[in-house]
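# Examination of the molecular architecture
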Amino acid sequence: MTLSDYVAAPLLIFGTVFFLAGTVGLIRFPDVYTRLHALTKSDNVGLGLVLAGLAVQAESWFIVGKLMLIWLLVLLAGASIAHLIAKGAMQRGVQMWRR
Amino acid sequence: METLTLLQWIFDALTGLGLLLLAWRALASPQLLRAIVLFVAFGLLMAIAWVRLDAPDIALAEVAIGAGLTGALLLAALARLPAAEIVQNGADQAGNPNYAVRIFVWLPLVLLPIVAVGLGYAVLSFPPSSEGLSVEVAANLDKDGVSNPVTAVLLNFRGYDTLLEILVLLLALLGVWSLGGLPPRPAVPAGPVLDTLTRFLTPVVILLAVYLLWVGARAPGGAFQAGAVLGAGGVLLLLAGWRPHPGFSQLPLRLVLVAGPSLFLVTALITIVMGRSLLDYPPERAGILMLFLETAATLSIGITLAALFVGERPRDKGN
Amino acid sequence: MQILYFALALLLLLTLGGGIWRAIRGPTAADRMLAVQVFGTTSVATLLLLAEGSDNAALRDVALVFAVLAAVTAVAFVRRAWPEEEAECDAK
């Protein structure tokens, strides 16, 4: 394993852990808003970490640029969709979970 | 077996099982929204399956159509249906079983495993490594103008099939147009978030389509994928409330719609007039010819798909 | 290193199972759309891991198309297909 492997492997593993955490949140959280929150945050950070790990291993700057572009697009789309779904849920009267 | 192969086997097995699970739950679901969501998820997992089957061109098309167009089309159709659920047809009101309908349920269940076993036997009795036609394709690639064998097959060796497919797409649009109009829907303005998202994504979509078209010459990509991406971008624009200029919907729209198929047809006629067989390009012009055809095809496919989403033909001026 | 890529891709595939579960359970329509979002983001990550693991650069283009078009289905849902009253009764 080269040096870049040693740097990339923990990034990739942490990214996947974030993805798994997001899915646990998706399954366990009590209402739409909390699930939306868990999903968007953890999936985006997880994707960022995975892409960082892949970027360390990439063969050219072109690939790094492509990976960053993908991350930006996913961030943009994820944040906008989270807002739209949450606003729509509020307008349609989905109750927020209270303890 | 070694760890890597084992991991790949488990990955493929899980993908296959996931596809079966999604298909079953999508078909068995009495609520239509759940069925649609599961079907879209099925399409996305299918893209991963194509990737594992070494077919990135098909995966590109599956992603563009499954992620962009299928979900939007089905959801827009769902919005127009009255609230309804699928009723079980196996029994009438009193609970007496309706045998005629039940046969239609059980017959496929019995036939499908037989077909599956037959297919499995046929596939397993192939010789272990058969080249298929890849040898001939590779031998003829150099006089063809592109180096991606898939594009070469689609546009040059089997250009006739692509011509017919584009015509079929146009016919589908004509069929949809002939069904008559839709009741008008109140125009809700898009909020600032959706507006900004669309304003950012539309140029990206156009760039991506051009990139896919250009890179299709030597890597997975090509006219269908680029056209599907354009179509999905058009759907996004339409969803965000954008409408084309009324003057565009009359003649210019129809011109763009037929540009792709007619360019193909004209090329086919020219090759016949030149004395060659149908769509047999002269080798030194093959590259540039395919570029023209692909560009026209991309535009036509994109606009056709977006027009399919609108669903009704543009109203004539003065109506 | 290749083993790591495929092992992580396998784990990501398991997270898709969580998305499927949420899509089936609901209970609200918004929950089901969340599942589509999960599928989108997780598939992007899986495809990129596979791209590195099988050394196939074309898969990155597939992931790029995914990322660009990820929003379209959800936007279609929000703008068109979301019923006004929430039917909370579905747990089939």
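None of these values were measured; they are calculated from a predicted model. (Residues numbered from 1 in each chain as written. Chains lettered and ligands numbered in written order. Predicted model: local features only at pLDDT ≥ 70, side-chain atom pairs only at ≥ 80, totals over all residues.)

### So, the overall build of chain B
For chain B, the helix and strand inventory stands at eleven helices and zero strands. Mapped in sequence order, the helices and strands of chain B form the string α-α-α-α-α-α-α-α-α-α-α. (Helix = DSSP H or I, 4+ residues; strand = E, 2+ residues; numbered from the N terminus.)

### Re the overall build of chain C
Within chain C one finds three helices and zero strands. In sequence order, the secondary structure elements of chain C are arranged as α-α-α. Overall size of chain C, expressed as C-alpha extent along the three principal axes, is 50 × 25 × 10 Å. In chain C, buried positions account for 70% of the 92 residues. Excluding contacts between residues fewer than 6 apart, the proportion of contacts in chain C whose partners are at least 24 apart in sequence is 58%. (Buried ≥ 20, exposed ≤ 12 C-beta atoms within 10 Å, placed from the backbone. Contact = placed C-beta atoms within 7 Å.)

### Quick look at the confidence of the model for chain C
All names here are of chain C. When pLDDT is averaged across chain C, the result is 83; 90% of the residues are at 70 or more. Low confidence marks residues 86–92, where pLDDT is under 50. Its contacts with residues over four positions away, or in another chain, come to 14 contacts. Note on the complex model: pTM 0.85, ipTM 0.88. (pLDDT = per-residue confidence, 0-100.)

### Some points on the nonpolar core
Of all hydrophobic cores here, the largest spans 137 residues; its most connected members are Ala41, Ala64 and Val229 of chain B together with Leu47, Val62, Val65 and Phe66 of chain C. Looking at this core, you find at least three residues from each of domain 1 (1–86) and domain 3 (146–319) of chain B. For Val229 of chain B, the residues in contact, after removing those within four places along its chain, are Ala64, Val205, Leu208, Ala209 and Leu212 of chain B together with Val65 of chain C. (Core = buried A, V, L, I, M, F, W, Y, C linked by C-beta atoms within 7 Å. Domains from an automatic or database assignment.)

### Some details on the interface of chain B and chain C
With 51 residues of chain B in contact, the opposing surface of chain C contributes 44 residues. Counting only elements with at least two residues in the side of chain B that touches chain C, the list comes to helix H1 (3–27), helix H2 (32–52), helix H3 (56–80), helix H8 (192–215) and helix H9 (223–239) of chain B. Residue contributions to the side of chain B that touches chain C peak at 13 residues, all from H3 of chain B.

### Some details on unusual backbone geometry
Of all residues except glycine, most have a negative phi; of all peptide bonds, most are trans. All names here are of chain B. Despite not being glycine, Asp54 shows a phi value in the positive range, around 70 degrees. Its location among the elements puts Asp54 in the loop between H2 and H3. By C-beta crowding, Asp54 is classed as exposed, having 10 other C-beta atoms within 10 Å.

### Remarks on H2 of chain B
Each α-helix turn comprises 3.6 residues. Residues three or four places apart therefore point the same way. Residues and elements named next belong to chain B. In a regular helix each residue adds 1.5 Å, so 21 residues correspond to 30 Å; H2 covers 30 Å between its end C-alpha atoms and thus fits that length. In terms of residue burial, H2 counts as a mostly covered element, since 15 of its 21 residues are buried. Asp54 sits one or two positions beyond H2 and adopts a positive phi of about 70 degrees. (Expected span 1.5 Å × (residues − 1).)

### Concerning helix H11 (residues 286–310) of chain B
Here H11 of chain B contains 25 residues, and its C-alpha end-to-end distance of 36 Å stays within 8% of the 36 Å for a straight helix at 1.5 Å per residue. Positive phi shows up at Gly311 of chain B, right after H11 of chain B, with a value of about 90 degrees.

### Thoughts on the environment of Leu60 of chain B
Relative to the assigned elements, Leu60 of chain B resides in helix H3. Not counting the four nearest positions on each side in its chain, Leu60 of chain B is found in contact with Pro220, Gly221 and Gln225 of chain B together with Asp61, Val62 and Val65 of chain C.

### What about the environment of Tyr160 of chain B?
Relative to the helices and strands, Tyr160 of chain B resides in helix H7 (residues 159–177). Through-space distance from the C-alpha of Tyr160 of chain B to that of Thr271 of chain B is 12 Å; in sequence the pair is 111 residues apart.

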